[in-house]
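Take a look at the letters that make up each chain.
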Amino acid sequence: MKPEITFFPVGNGDMTLIKLESERTILIDTNIRVPSDKIRDVAEDLRKSLKTDNKGRPYVDVMVLSHPDQDHCRGFEEHFHTGPLENYSDKANPKKIVIREMWSSPLVFRRAKKKTHTLSDDAKAWNCEAKRRVALFRQVGTIGSDGDRIVIMGEDCDGKTDDIMEIVVKAGETVFKICGSIEPNFSALLLAPMKGTDDEEEEVLTKNNSSIIMNYSIGAGTNPTAVRYIDAGDAEVAIWEKLWDRHEKNVSALQYNLLNTPHHCSWHSLSWDSWSAKKVEAKVSDRARKALGQALPGAVIVASSDEIKDDDNDPPCYRAKQEYEEIVAEVKGEFWNTGAYQTPDKQEPLKFEVSVGGMKRVKFAVAAAAALSANSGLGATPLYHGGEAS
Ligand SMILES: [Zn+2]
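Conventions we followed
Residues numbered from 1 in each chain as written. Predicted model: local features only at pLDDT ≥ 70, side-chain atom pairs only at ≥ 80, totals over all residues. Heavy atoms only, no water. Helix = DSSP H or I, 4+ residues; strand = E, 2+ residues; numbered from the N terminus. Buried < 20%, exposed > 50% of the residue type's maximum accessible area, 1.4 Å probe, protein only. Contact = heavy atoms within 4.5 Å. Donors = N, O, S within 2.8 Å, 3.2 Å for Na, K, Ca; no water. Phe/Tyr/Trp six-rings, centres within 6.5 Å; stacked < 30°, edge-to-face > 60°. Lys NZ or Arg CZ within 6 Å of the ring centre and 35° of its normal. Core = buried A, V, L, I, M, F, W, Y, C linked by side-chain atoms within 4.5 Å. Axes fitted to C-alpha atoms, helices over the stretch in contact; angles between N-to-C directions. Parallel < 35°, antiparallel > 145°, perpendicular 65-115°, else oblique. Nonpolar A, V, L, I, M, F, W, Y, C, P; charged D, E, K, R; others polar. Pairing = 2+ DSSP bridges. Salt bridge = Lys/Arg side-chain N within 4 Å of Asp/Glu carboxyl O.

A. The side chain of Thr30, seen in detail. Within the secondary structure, Thr30 is located in strand S4 (residues 30-31). Since its relative accessible area comes to 0%, Thr30 is described here as buried. Those residues in contact with Thr30 that lie beyond four places of it in its chain are Asp14, Met15, Met63, Gln70, Asp71, His72, Cys73, Arg74, Phe76 and Phe80.

Set out below in structure tokens:
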């Protein structure tokens, strides 16, 4: 199949599904709210997008939680199975979704707890399941099977992950496997979380909404980097400055064809100044702008947020949107806002299809990528040619 990336409309929150050429699925975050006239039933959209296993259970191969804020894990307890797979209940309606492999970061959890002092029930449920899987690994000493797998993104502090390095990916390392097997036409570079070099820096990183940040290479046909997609949770300005310092001499780590704006198009990912207080005086951080500005020709930037309006709100912030629009204008790309797609009153998942020659927007349809129709407003030609992406 042609790989796909779908951004579900979840207001100020994130919920993104990647389908690879092999049909493996990676779900990044979830913000499932109670559906209404204005709120789309994204849980139904998700279930219809997933395959079921030989026991009829819907599943994702990988689920990543960028960080444990509620707008990134809402609905987790209700919609996802936790605990050993043999305890799966067929009675739940709709059926709970199995997570074959979790990608989780104890360091991000530690920072979130320090910052907010409390975790939601959904975040606690994720954390509890992650701990169960790590405990199982420690106990058995092997990685286990689907439903028990976990990969730890980023070393934890104080040597807490030193004994389980077999399942730890450090910042700067690349993941090539999904559920224990090398995945063709796929890799994912872990950019963050990074450990602070001292207590002071650790404090700054903690305050800046630390998140898992990955640059996913989604390949198609003969092109292993047909789309490079950066997903960044709610990472704020200090983290982007640090990423620029780390990668400015080799920017390929930060280059993308597709970027999900950090923190729902928040101004605080681009600037240390308050937008509402300083308005036009608010300055963009040069280093953060460079880190977020490595757009490849034809790149697309998506703001997963409420509709962005010309007002004082943040996030989403109108001024941040302007900055991102400037970035894509430089490469003849596009900017999209999930809160206004296709219209603010009738939101649809924003879906892109990947082929060897590039990436294009397609209509969200469950069974198969719908053919582009002239009246759908969708571009018929790829936004960029994948061969230019490396
Ligand atoms: Zn958020």
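B. Inspection of the environment of Asp310 at higher detail. Looking at the secondary structure, you find Asp310 in the loop between strand S17 (295-303) and helix H10 (318-330). Given the relative accessible area of 61%, Asp310 is considered exposed. Residues Asp310 and Leu50 lie 260 residues apart in sequence; the distance between their C-alpha atoms is 37 Å.

C. Representation of unusual backbone geometry in the model. Pro193 follows Ala192 through a cis peptide bond whose omega is 15°. When you line up the elements, Pro193 lands in the loop between strand S13 (186-192) and helix H6 (199-207). Note that the residue after Pro315, namely Pro316, is joined by a cis bond; omega there is -10°. Topologically, Pro316 is positioned in the loop between S17 and H10. One non-glycine residue, Asp158, adopts positive backbone phi at about 50°. Looking at the secondary structure, you find Asp158 in the loop between strand S8 (149-153) and strand S9 (168-169). Look at His264: it is not a glycine, yet its phi comes out positive at around 55°.

D. Structural view of the coordination of the zinc ion. Surrounding the zinc ion are the protein donor atoms Asp71 (OD), His72 (NE2), Asp234 (OD), Asp234 (OD) and His264 (NE2), at 2.0 to 2.7 Å. Sequence positions of the residues that donate to the zinc ion give the spacing D-H-x161-D-x29-H. On the criterion of sequence distance, the pair formed by Asp71 in helix H2 (residues 70-73) and Asp234 in the loop between strand S15 (223-231) and helix H7 (237-247) is long-range, its members being 163 residues apart. A residue is classified by how much of its surface remains accessible, and Asp71, at 16% relative accessible area, is buried.

E. Layout of the packing of aromatic side chains. Under the counting rule described, the total for this entry stands at eight aromatic pairs. Judged by centre distance (5.7 Å) and plane angle (85°), the rings of Phe7 and Tyr229 are edge-to-face. Of this pair, Phe7 sits in strand S1 (residues 4-7) while Tyr229 is found in strand S15, placing the two residues 222 residues apart along the sequence. The exposure class of Tyr229 is buried, given its relative accessible area of 0%. When the ring of Phe76 is compared with that of Phe80, the centres are 5.4 Å apart and the planes differ by 15°; the resulting orientation is stacked. Both residues of the pair, Phe76 and Phe80, count as buried. Ring pairing ties together the aromatic residues Phe7, Tyr216, Tyr229 and Phe352, which thus form one cluster. Its guanidinium or amino end placed over the ring of Tyr88, Arg57 lies 5.5 Å from that ring's centre, counting from NZ or CZ. In this structure, Arg100 is placed above the aromatic ring of Tyr59, and the distance from its NZ or CZ to the ring centre is 3.7 Å.

F. Highlighting the nonpolar core. One finds Ile213, Trp240, Leu243, Tyr256, Ile301, Tyr324 and Phe335 to be the most contacted residues of the largest nonpolar core, which totals 38 residues. Counting only elements with at least two residues in this core, the list comes to S13, H7, strand S16 (256-260), helix H9 (286-292), S17 and H10. Looking at this core element by element, the count peaks at five residues for H7. Ile26, Val151, Tyr216 and Val227 belong to the second largest nonpolar core, which has 34 residues in total.

G. Expanded view of the packing of helix H4 (residues 106-116) against H6. The geometry of H4 relative to H6 is characterised by a closest axis approach of 9 Å and an angle of 80° between their N-to-C directions. On the basis of the axis angle, H4 is roughly perpendicular to H6. The segment H4 lies against H6, with Leu107, Arg111, Lys114 and Lys115 engaging Glu202, Glu203, Leu205, Thr206 and Lys207. When its residues are assigned to classes, the contact of H4 with H6 shows two nonpolar, one polar and six charged.

H. Focus on the pairing of strand S6 (residues 58-64). Most of S6 is tucked away, with seven of its seven residues classed as buried. For strand S3 (residues 25-28) and S6, the ladder comprises three bridges, and the chain directions are parallel. Among the inter-strand pairings, Ile26 is bridged to a residue of S6, identified as Val62. Relative to S6, strand S5 (residues 51-52) runs antiparallel, the two being bridged by two bridges. What sits directly across from Lys51, in S6, is Tyr59. Hairpin geometry of S5 and S6 is characterised by an intervening segment of five residues between the two adjacent antiparallel strands and by a positive phi of about 80° at Gly56. Note that S6 and strand S7 (residues 98-104) share five bridges and pair parallel. Note that in S7 the partner of Met63 across the bridge is Met102.

I. Layout of the pattern of salt bridges. Under the definition given, this model contains 31 salt bridges. The closest approach of N and O atoms between Glu353 and Lys2, which form a salt bridge, is 3.8 Å. A residue pair is termed long-range when its members are at least 10 positions apart, and Glu353 in strand S21 (residues 350-355) and Lys2 in the segment before S1 qualify at 351 residues. On the basis of relative accessibility, which here comes to 43%, the residue Lys2 falls in the partly exposed class. Glu241 is paired through a salt bridge with Arg287; the nearest N and O atoms lie 3.4 Å apart. Taken as a pair, Glu241 in helix H7 and Arg287 in helix H9 lie far apart in primary sequence, 46 residues in all. For Glu241, a relative accessible area of 11% translates into the label buried. Of the residues examined, Arg287 reaches a relative accessible area of 34% and is grouped as partly exposed. One salt-bridge network, in which partners are shared between bridges, spans Arg24, Asp61, Arg100, Asp146, Arg149 and Glu183.

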